[in-house]
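Geometric and topological summary
One-letter residues, chain by chain:
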Amino acid sequence: MSRRGRVTVGVLVGVFLLFTLLGWGIDQYTDLLWFREVEFANVYTGVLFTKVLLFLAVGAAMALLVAGNLYLAYRLRPLLRPHSAEQATLERYRMVLAPRLGTWIAVLSIIVGFFAGVSAQNRWKEWMLFQNAQPFGVRDPQFNVDIGFYVFDYPLWRYLLGVGFTAIVLAVIGALAVHYIFGGVRLQGVGDRMTPAARAHLTSLVAVFVLLKAVAYILDRRALLLEQHVSPGLYGAGYTDVNALLPAKEILAYISIVVAVAIVVFSNAVMRNLVWPGVSLALLAISAVAIGGIYPLAVQNFTVQPSLQDKEAPYIQRSIDATRAAFGIAQTDIRPYASGNTRAPANLSSNTSAQNVRLIDPQLVSEAFTQSQQVRGFYDFGAKLDVDRYTVEGNTRDYVVGVREINDQQLTAQQRNWLNRHTVFTHGYGLVAAPANQVCSGLPHFVSGFLGEQKADPSQDAACAPSEQIKVEQPRVYYGEQATEYAIVGQADKDRNVEFDRPQPGDSNAEERYTYEGKGGVPIGSFGRRLVFAIKNTESNFVLSDAVNNNSRLMYVRNPRDRVEKVAPFLTIDGDPYPAVVDGRIQWILDGYTTSNSYPYSQQVNLQTETRDETTNQGTFALERDNVNYMRNSVKATVDAYDGTVKLYEFDGQDPVLKAWNKAFGGNLIVPKSQIPESLEAHFRYPADLFKVQRNLLASFHVTNAGEYFSGQDFWQVPNTPDAPQEGVKQPPFYLNVQLPGQDSTRFQLTSAVTPRNRDNLAALISGSYVDGQPKLEVLELPDQTAIPGPVQVHQRMANNAEVRSQLTLLSTSTQSTVLYGNLISLPVGDGMLYVEPIYVKGTQANATPLLQKVLMSFGDGSQYVTLANNLEEGLADLIKKGQAAGTGNNPPANTEKPPTTGTNPPATGPVAQAAAELDTAINNARDAQKSGDFARYGQALQNLDSAMTKYQDAVRAAGGTVTPNASTPPSPSASAPAPNPSPSG
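Residues numbered from 1 in each chain as written. Predicted model: local features only at pLDDT ≥ 70, side-chain atom pairs only at ≥ 80, totals over all residues. Heavy atoms only, no water.

1. Some points on the overall build of the protein chain
Put simply, the rule reads: Helical segments are the DSSP runs of H or I of at least four residues, strand segments are the runs of E of at least two, and each set is numbered from the N terminus. The buried label goes to any residue with under 20% of its type's maximum accessible area, the exposed label to any with over 50%, and the partly exposed label to all in between, with areas taken from a 1.4 Å probe on protein chains only. Two residues qualify as a contact provided that any one of their heavy atoms is within 4.5 Å of a heavy atom in the partner residue. Calculation of accessible area relied on Shrake-Rupley with a 1.4 Å probe; when residues are assessed, cover is drawn exclusively from the protein chains displayed.
If you tally the helices and strands in the protein chain, you get 26 helices and 34 strands. Residues counted as buried form 54% of the 986 residues belonging to the protein chain. Once local pairs closer than 6 in sequence are excluded, the contacts in the protein chain between residues at least 24 apart make up 69%. Accessible surface, the protein chain: about 42200 Å² in total, of which carbon and sulfur atoms supply 54%.

In structure tokens form, the structure reads like this:
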């Protein structure tokens with residue numbers, strides 16, 4: 001290459017390195033500023049220092065080892081080489097390498113060391129846990145070693161062993177190449193093919209490799225407790241592993257040591273050739289196959305398989321016990337629940353749990369919140385809302401809550417310029433809440449989050465309370481789940497407010513402006529910082545725009561989940577953050593999990609698979625595809641919606657993994673549990689993702705006897721979504737503020753129904769709640785001999801009830817709407833099962849709002865006592881009425897899953913004709929209301945339609961006619977016209 005060419009290449013490489021290092025430096029600097037803002041700089045410096053340390057240590061060790069062996073191979077080169085065509089060819093390479101051999105070795109070693117260091121820095125978690133290991137106080141059942149060795153020490157030792165193997169292999173390859181180039185190893189010519197010095201060097205490296213293999217066999221013995229070996233499909237060492245493979249691994253370790261010694265001795269001191277070293281390696285390979293493969297296989301096939309259950313029983317028991325301990329399900333309270341009562345008890349309507357059943361489905365009412373409470377088109381509440389509880393006027397009840405945020409994707413083209421996106425539309429406003437079991441004209445009854453100070457005329461908006469019932473002192477939301485853009489806040493002129501705050505009360509076209517007054521965000525008043533962020537975001541407006549001034553603050557990483565993950569990268573964050581009003585401020589509450597994949601004998605699960613259900617990616621985040629066999633809800637994290645303050649509160653003070661992480665970052669990273677404010681603790685709820693994992697494990701690990709577990713006859717499964725079981729999506733659990741049988745008081749708990757494996761009847765109800773600040777799992781197990789229907793069966797039976805089906809058909813056909821089903825709730829009350837499923841009606845026009853129109857309810861088996869009521873109170877009363885009628889023998893309810901046959905109808909005269917006319921009018925009014933887009937009017941029209949339909953059906957029956965569920969349009973009433981059918985479609 002010419003001088004000019006070398007200069008050109010040098011300049012290009014320099015420019016590339018400059019921009020690469022500049023980008024890396026800017027990223028690190030802005031990260032440091034962000035961590036300083038949230039007051040977690042020790043996390044940033046701790047992780048960065050550990051990464052740099054591992055990069056330098058492992059990279060330097062790998063580079064020195066490779067470089068040393070390359071240089072040693074050069075020093076051991078023969079001074080005289082026999083003449084041959086091969087050596088003549090290699091002489092040209094020697095002439096190129098020899099003058100600058102040190103440079104070549106240095107460059108090659110640096111490259112190897114660089115990639116080794118890059119790989120090593122990703123192991124910072126293993127190193128920090130190793131350095132700060134804590135005892136579990138529990139020993140594994142095989143080696144009697146504390147569990148902490150497997151969780152904290154084993155992963156790092158395994159990685160270091162892999163580094164050792166890689167280093168030796170690279171050293172062998174590099175040394176062999178140098179020996180060949182400089183004549184120490186020859187393929188042609190007379191005499192030995194390898195000089196004694198080259199033979200000693202290369203065989204020593206091979207011996208070291210074999211010694212590392214001996215260490216690998218020792219670690220493999222411990223690894224057997226972490227792998228899937230126990231039948232049927234359980235983790236840990238089984239009979240064959242303990243009685244055949246463990247001894248085999250130990251024998252192979254000793255053989256490896258002997259082979260390593262033999263390689264060095266026979267190749268350099270006794271035989272001085274490679275025959276016996278080769279024989280030793282061959283014997284090691286044969287021993288590995290025979291002792292480590294064939295012998296265990298023979299034990300498995302001829303000893304274990306003929307009596308598999310008896311042989312594996314002790315090891316199955318180990319896996320059961322370890323799994324229950326590792327996932328926190330060992331203390332699950334399992335109680336029988338007969339559910340023998342099939343008729344609603346007389347006191348059902350006064351039962352507190354029945355009254356607290358949630359009707360507002362968080363998955364379906366987000367559009368209702370958005371359409372009713374957004375005022376401006378860019379406000380959004382997300383795809384799924386959350387459930388929490390509040391005490392209002394001395395009454396604690398469930399509320400469906402959502403935060404009114406600005407959705408950057410909903411801004412118009414005019415609003416999406418840089419200035420508006422980043423300096424004007426910076427925040428949302430208010431936490432909107434509605435009681436979970438109260439509706440108004442099909443809409444939620446909103447009690448907070450109003451854009452005005454007070455509702456001036458509550459009569460004009462019956463869906464809202466007259467004033468704020470959940471008061472928020474600072475309703476502005478700068479940090480939320482919809483915040484995808486960075487925001488620049490703060491003004492030099494205090495009288496110049498540029499941020500859009502909210503529409504003015506009473507005038508949707510006027511708006512109020514605001515200037516941020518909190519401590520959130522990174523100050524960017526200096527030119528240097530503005531230049532840094534201009535480069536980072538490739539945006540010149542940081543240094544050119546007047547909107548960026550001396551008082552400006554830059555808010556980035558504004559999603560609460562992203563903030564907590566960045567502050568605590570060692571935690572797995574639950575996929576469903578939820579907002580709560582705590583001491584007058586909106587706080588995002590998140591659950592953090594400590595996990596491990598090296599708890600011996602514990603069952604390994606995939607977090608993403610185990611937590612996936614109907615809500616995944618529909619308002620909740622999907623977890624990473626991490627395989628874990630230990631999980632604890634050790635941390636409750638909060639993010640202030642106004643200033644972004646992040647706090648990590650200790651929730652499980654006994655978790656060794658959390659203790660190790662806290663120690664790794666100075667001991668003050670986590671706020672002790674004793675310092676959690678009571679106002680915040682009142683809003684803690686059992687985490688959804690942990691509950692899903694525990695529920696799925698309890699489906700099999702509720703069986704604690706090894707023999708019964710082996711048979712697998714009492715295993716459960718999570719049912720599919722009741723209204724669409726064919727889609728194969730699991731039914732999500734539901735939060736309820738109820739008192740289940742055996743509980744001494746009402747609790748806010750997460751509940752889920754499970755069915756027997758490959759069957760649809762109900763097997764048990766699993767619930768998770770907090771008792772005195774401690775997590776509590778409870779199972780109500782139904783008798784095996786009963787056939788109480790599960791969620792899918794109950795939905796099908798209720799929906800196929802003739803009277804119910806006729807009304808549902810009318811709701812959909814008469815208004816050209818779609819009927820949507822809320823999450824079916826199974827509630828054990830009155831020694832029986834109460835099933836409640838809200839029915840929503842959604843118009844076909846774009847952005848139509850689902851309106852809650854009916855409540856589908858049943859008691860018992862889901863077919864005999866069924867009602868489709870306007871509200872919860874009416875439905876409970878109707879179930880009681882039907883149960884009492886059956887008890888006295890008057891009008892016993894029949895199983896009406898099949899539609900009744902059509903009978904002879906009386907002439908449509910008198911009351912029948914009048915009812916038919918009113919029904920026609922109600923249908924027309926519902927259609928007009930739907931077209932108008934007035935949701936309150938539409939909901940009222942649907943209620944009037946339902947009343948008219950009921951009146952018409954009563955009139956037909958009173959006149960001696962029959963009711964046909966699916967029929968055509970009712971004719972206009974006349975003296976001679978036949979009676980209209982009860983389900984007119986208009």
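Alright, that's what it looks like, and here's the rest.
2. What about unusual backbone geometry?
The residue after Ser231, namely Pro232, is reached through a cis peptide bond having omega 5 degrees. The residue Pro232 is located in the loop between strand E1 (228-230) and strand E2 (234-235) in this model. For Asn758, which is not glycine, the phi torsion reads 65 degrees and is therefore positive.

3. Points about the sheet that holds strand E16 (residues 522-523)
As a reminder of what qualifies: Here a strand pair is declared whenever DSSP counts at least two bridges between the two strands.
Across the sheet, which stays open at both edges, the 3 strands sit in the order E13-E17-E16 with antiparallel pairing between neighbours. Two strands in the sheet have a free side with no partner beyond their single neighbour: strand E13 (487-489) and E16. Pairing of E13 with strand E17 (residues 553-555) involves 3 bridges; the strand directions are antiparallel. Looking at E17, one finds that Val489 is bridged to Arg553.

4. Quick word on the nonpolar core
A general feature of soluble globular proteins is that nonpolar side chains tend to end up buried together. This is how the line gets drawn: In this text, buried Ala, Val, Leu, Ile, Met, Phe, Trp, Tyr and Cys residues form a nonpolar core when linked through side-chain atoms within 4.5 Å.
Formed by 165 residues in total, the largest nonpolar core has its most connected members in Phe40, Tyr390 and Leu648. With 17 residues, the top contributor of residues to this core is helix H6 (residues 147-181). With 62 residues, the next largest nonpolar core counts Ala436, Leu740, Val804 and Met833 among its residues.

5. Focus: the environment of Gln121
With respect to the helices, strands and loops of the structure, Gln121 is situated in helix H4 (residues 101-121). Among the residues examined, Gln121 registers a relative accessible area of 24% and is labelled partly exposed. Expressed as a C-alpha distance, the spacing of Gln121 and Leu56, which sit 65 residues apart in the sequence, is 8.9 Å. Setting aside residues up to four positions removed in sequence, Gln121 forms contacts with Lys51 and Leu54.

6. Quick notes on a nonpolar patch on the surface
The condition is simple: Surface patches are drawn from residues lacking salt bridges whose relative accessible area is over 30%; two like charges belong together within 9 Å, two nonpolar side chains (Val, Leu, Ile, Met, Phe, Trp, Tyr) within 5 Å. The term salt bridge refers to a pairing of a side-chain nitrogen on Lys or Arg with a carboxyl oxygen on Asp or Glu at a separation within 4 Å.
Taken together, the side chains of Val7, Val11, Val15, Leu18, Phe19 and Leu22 make up a nonpolar region of the molecular surface, amounting to roughly 550 Å² of accessible area. Checked against the element boundaries, Val7 lands in helix H1 (residues 3-37). A residue is classified by how much of its surface remains accessible, and Val7, at 47% relative accessible area, is partly exposed.

7. Regarding the packing of helix H9 (residues 275-304) against helix H10 (residues 308-326)
Worth spelling out the cut-off: To get an axis, a line is fitted to the C-alpha atoms, and for a helix only the part in contact is used. The angle between two axes follows their N-to-C directions and goes from 0 to 180 degrees. Any angle from 65 to 115 degrees is called roughly perpendicular, while one under 35 is roughly parallel, one over 145 is roughly antiparallel, and all others are oblique. Here the nonpolar group is Ala, Val, Leu, Ile, Met, Phe, Trp, Tyr, Cys and Pro; Asp, Glu, Lys and Arg are the charged ones; every other residue, Gly included, is treated as polar.
Close contact between H9 and H10 brings their axes to 9 Å; oriented N to C, the two are set at 120 degrees. Here H10 runs oblique to H9, going by the angle between their axes. Two secondary-structure elements touch here, H9 through Gln300, Thr303 and Val304 and H10 through Leu308, Lys311 and Glu312. For the contact of H9 with H10, the per-class residue count stands at 2 nonpolar, 2 polar and 2 charged.

8. Overview of the side chain of Gln134
Counted only if it meets this: Whenever a nitrogen or oxygen atom comes within 3.5 Å of another N or O atom, the pair is scored as a polar contact, on the condition that within protein one atom can donate a hydrogen and the other can accept it, and that pairs from neighbouring residues in sequence are kept only if both atoms are in side chains.
Residue placement: Gln134 occurs in the loop between helix H5 (124-131) and H6. At 3.4 Å, the side chain of Gln134 and the backbone oxygen of Asn132 are in polar contact. Those residues within four positions of Gln134 in sequence are excluded, and the remaining contacts are Gly148, Phe152, Pro656, Lys659, Ala660 and Lys663.

9. Points about the sheet that holds strand E5 (residues 386-392)
As summarised here, the arrangement of the 3 strands in space is E5-E6-E9, forming an open sheet in which the pairing is antiparallel. In this open sheet, the two edge strands, each paired with only one partner strand, are E5 and strand E9 (431-435). Pairwise comparison of adjacent strand axes, ignoring direction, gives a mean angle of 45 degrees for this sheet. Summarising the sheet, E5 and strand E6 (residues 395-403) pair through 7 bridges and their orientation is antiparallel. When the bridges of E6 are listed, Tyr390 appears paired with Arg397.

10. Overview of the packing of helix H2 (residues 41-75) against H5
Contact geometry for H2 and H5: axes closest at 10 Å, N-to-C directions at 100 degrees. By the angle class used here, H2 and H5 are roughly perpendicular. From H2, Val47, Thr50, Lys51, Leu53 and Leu54 reach across to H5, where they touch Trp124, Trp127 and Met128. Its residues assigned to classes, the contact of H2 with H5 comprises 6 nonpolar, 1 polar and 1 charged.

11. What about the environment of Val605?
Residue placement: Val605 occurs in strand E21 (residues 605-606). Accessibility expressed as a relative area gives 8% for Val605, which makes it buried. With 24 residues separating them in the primary sequence, Val605 and Asn629 have C-alpha atoms 6.3 Å apart. Among residues more than four places away in sequence, those in contact with Val605 are Phe327, Glu610, Asp626, Asn627, Val628, Val693 and Leu697.

12. Considering the pattern of salt bridges
Summed over all chains, the structure comprises 30 salt bridges. Here Glu250 ties to Arg221 by a salt bridge, and the two come within 3.7 Å at their closest N and O atoms. Note that Glu250 is positioned in helix H8 (residues 239-270) and Arg221 in helix H7 (residues 196-223), a separation of 29 residues in sequence.

13. Focus: the packing of aromatic side chains
Threshold: Note on aromatic pairs: the rings of Phe, Tyr and Trp (six-membered ring only in Trp) are paired at centre separations within 6.5 Å, and the planes decide the class, stacked below 30 degrees, edge-to-face beyond 60, tilted for the rest.
Overall, the coordinates contain 39 aromatic pairs when judged by the stated rule. Between Phe136 and Tyr599, the ring centres sit 6.2 Å apart and the planes meet at 70 degrees, which makes this aromatic pair edge-to-face. Taken together, the residues Phe136 in the loop between H5 and H6 and Tyr599 in the loop between strand E20 (585-596) and E21 connect sequence positions 463 residues apart. Here the aromatic rings of Tyr735 and Phe748 are separated by 5.4 Å at their centres, their planes lie at 5 degrees, and the arrangement is stacked.

14. As for empty space enclosed by the protein
Rules: In this analysis a 1.4 Å probe is tested at points of a 1 Å grid over the protein atoms alone, and where it fits but cannot get out there is a cavity; an open set with protein on both sides within 12 Å along at least five of seven lines is a pocket; lining residues have an atom within 4 Å of a point. Grid points are joined across faces, edges and corners, and a volume is the space filled by probe spheres set on the points.
Summed over all chains, the structure comprises 4 cavities of 30 Å³ or more. What the largest cavity holds in volume is close to 310 Å³. Around the largest cavity, the lining comprises 31 residues; the ones closest to its centre are Lys384, Asp576, Thr615, Pro732 and Pro733. Broken down by secondary-structure element, the contributors of at least two residues to the lining of the largest cavity are E5, helix H17 (607-611), helix H20 (688-701) and strand E26 (734-738). The dominant element in the lining of the largest cavity, judged by the number of residues it contributes, is H20, at 3 residues. For the lining of the largest cavity, the per-class residue count stands at 12 nonpolar, 8 polar and 11 charged.

15. Some details on helix H18 (residues 656-664)
Along H18, the residues classified as buried are Pro656, Val657, Leu658, Ala660, Trp661 and Asn662. Backbone geometry just after H18 places Gly666 at a positive phi near 100 degrees.

16. Considering the environment of Tyr865
Mapped onto the elements of the fold, Tyr865 is located in strand E34 (residues 865-869). For Tyr865, a relative accessible area of 2% corresponds to the buried category. Each C-alpha atom, one on Tyr865 and one on Leu879, is 6.4 Å from the other, the two residues being 14 residues apart in sequence.

17. Quick look at H5
Definition in use: Arc, as used here, means the arc of the directions from the helix axis to the C-beta atoms.
Within the sequence span of H5, burial applies to Trp124, Met128 and Leu129. Down the axis of H5, the buried side of the element spans an arc of 130 degrees, and every buried residue falls inside it. Close packing links the buried residues of H5 with H2, H4, H6 and H18.

18. Points about the pairing of E6
The hairpin formed by E5 and E6 contains 2 residues between the paired strands, and Glu393 there has a positive phi angle of roughly 55 degrees. The pairing of E6 with E9 spans 5 bridges and is antiparallel. Within E9, the position partnered with Val400 by the bridge is Ala434.

19. Things to note about the confidence of the model for the protein chain
Rules: By definition, pLDDT measures how confident the predictor is in each residue, and it falls between 0 and 100.
Confidence along the protein chain averages 86 in pLDDT terms, with 90% of residues attaining 70 or more. Every residue in residues 456-460 scores below 50 in pLDDT, and together they form 1 contact with partners more than four places removed in sequence or on other chains. Low pLDDT, under 50, characterises residues 963-986; the stretch is placed with 66 contacts to residues that sit more than four places away or in other chains.

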